[in-house]
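Residue-level structure breakdown
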Amino acid sequence: MMLFLKDTIGISRKCEYALYPLRPEFAEATYLLYQATHHPFYLHVGEKIYNSIQTYNKAKCGYATLNSVLSKKQEDRMESFFLSETCKYLYLLFDIDNPLNKRSDFIFTTEGHLLRVNGFVREKMNIFDSRKTGGIF
């Protein structure tokens with residue numbers, strides 16, 4: 001079956017895009033999944049993300065984009081979203097007692113900015129709170 005899928009949709013072991021510009025999405029998803037589940041697995045994932053960044057992206061003056069995750073060759077640049085999003089989500093993941101992790105009147109935008117949520121919106125969002133509904137949301 002895998003051979004069929006590989007031939008059909010072009011799955012290969014070749015790395016098509018090896019650049020890593022310190023994008024925040026993986027750290028963001030890990031943080032949000034931990035907040036939703038409080039499962040320690042996500043702390044472990046966050047630790048791996050942090051250690052990899054420290055090992056491969058740390059540069060003389062900050063953190064560098066990797067030109068290739070295969071060769072670990074660094075580029076001479078650090079995108080602003082690394083500090084504003086990637087670091088923020090990793091920090092909040094491990095700072096469990098941070099007030100932002102205990103409040104329900106704020107949400108993060110897709111750019112990592114905080115938005116205050118009024119009572120009406122929060123009430124409508126609570127239908128997706130698995131702690132209250134016992135559901136999968």
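Sequence order sets the numbering: in each chain, residues are counted from 1 along the sequence as written. Where totals are concerned, whole chains, interfaces and linings use all residues; where local detail is concerned, this predicted model gives features only for residues with pLDDT of at least 70, and gives and counts side-chain atom pairs only at 80 or more. Heavy atoms throughout the structure, all of them, feed into the side-chain values; hydrogens and water do not.

Let's shift gears to the side chain of Thr86. Take Thr86: it is sitting in helix 4 (residues 80–94). Apart from residues no more than four positions distant in its own chain, Thr86 is found in contact with Leu22, Arg23, Pro24, Ala27, Ile53 and Phe81. A run of H or I in DSSP becomes a helix once it reaches four residues, and a run of E becomes a strand once it reaches two; helices and strands are each numbered from the N terminus. Residue contacts are counted whenever heavy atoms from the two residues lie within 4.5 Å of one another.

In this section: the nonpolar core. In plain words, nonpolar cores are sets of buried Ala, Val, Leu, Ile, Met, Phe, Trp, Tyr and Cys residues tied together by side-chain atoms within 4.5 Å. Categorising residues by exposure relies on relative accessible area from a 1.4 Å probe, with only protein chains included: less than 20% of the type maximum marks a residue as buried, more than 50% marks it as exposed, and the intermediate range marks it as partly exposed. Grouped together as the largest cluster of nonpolar side chains are 14 residues, with contacts concentrated most on Tyr31, Ile49, Ile53, Tyr63, Phe82 and Leu90. In terms of residues, this core owes the most to one element, helix 4, which gives 5 residues. Ignoring any residue separated from it by four or fewer positions in sequence, one finds Tyr31 in contact with Tyr89, Leu92, Leu93, Asn101 and Phe108.

Pairing of aromatic rings covers Phe, Tyr and the six-membered ring of Trp, with a centre-to-centre limit of 6.5 Å; geometry is then stacked below 30 degrees between planes, edge-to-face above 60, and tilted otherwise. Under the counting rule described, the total for this entry stands at 5 aromatic pairs. Taken together, a centroid distance of 6.1 Å and an interplanar angle of 80° make the contact between Tyr31 and Phe108 edge-to-face. One end of the pair, Tyr31, is in helix 2 (residues 25–37); the other, Phe108, is in strand 3 (residues 106–108), and 77 residues separate them in sequence. The class of Tyr31 is buried, set by a relative accessible area of 3%. Between Tyr89 and Phe108, the ring centres sit 5.4 Å apart and the planes meet at 65°, which makes this aromatic pair edge-to-face. One end of the pair, Tyr89, is in helix 4; the other, Phe108, is in strand 3, and 19 residues separate them in sequence. Ring pairing ties together the aromatic residues Tyr31, Tyr89 and Phe108, which thus form one cluster. Here the basic side chain of Arg23 rests over the ring of Phe81, its NZ or CZ set 4.4 Å away from the ring centre. Geometrically, a charge over a ring is one whose NZ (Lys) or CZ (Arg) sits within 6 Å of the ring centre while staying within 35 degrees of the ring normal.

What follows is about helix 2. Any helix carries an expected span of 1.5 Å times its number of residues minus one. Under the 1.5 Å per step criterion, the end-to-end length of helix 2 is 18 Å for 13 residues, consistent within 8% with the ideal 18 Å. Ala27, Glu28, Thr30, Tyr31, Tyr34 and Gln35 are the residues of helix 2 that are buried. Projection of helix 2 onto a plane perpendicular to its axis shows the buried side chains occupying an angular sector of 165°, all on one side. Of the exposed residues in helix 2, the ones pointing more than 90 degrees away from its buried face are Phe26 and Ala36. The secondary structure elements touched by the buried residues of helix 2 are helix 3 (41–57), helix 4, helix 5 (99–102) and strand 3. Each C-beta atom gives one direction from the helix axis, and the arc is the one those directions make.

One speaks of a salt bridge when a side-chain nitrogen belonging to Lys or Arg is within 4 Å of a carboxyl oxygen belonging to Asp or Glu. Under the defined criterion, the tally for this structure stands at 4 salt bridges. Salt-bridge contacts for Glu75 lead to Arg77; the nearest nitrogen and oxygen are separated by 3.0 Å. Across the salt bridge formed by Lys102 and Asp97, the nearest N and O atoms sit 3.8 Å from each other. Asp97 carries the same exposure label as Lys102, and that label is exposed. Linked by salt bridges that have partners in common, Glu75, Arg77 and Glu79 make up one network.

Let's shift gears to the confidence of the model for the protein chain. The predictor's confidence in any single residue is recorded as pLDDT, a number from 0 to 100. Per-chain confidence: the protein chain averages 83 in pLDDT, with 79% of residues scoring 70 or above. Across the protein chain, helix 3 holds the top mean pLDDT of 97, while helix 1 (residues 2–9) sits lowest at 49. Taken as a whole, residues 1–6 scores under 50 in pLDDT and shows 4 contacts with residues more than four places along the chain or in a different chain.

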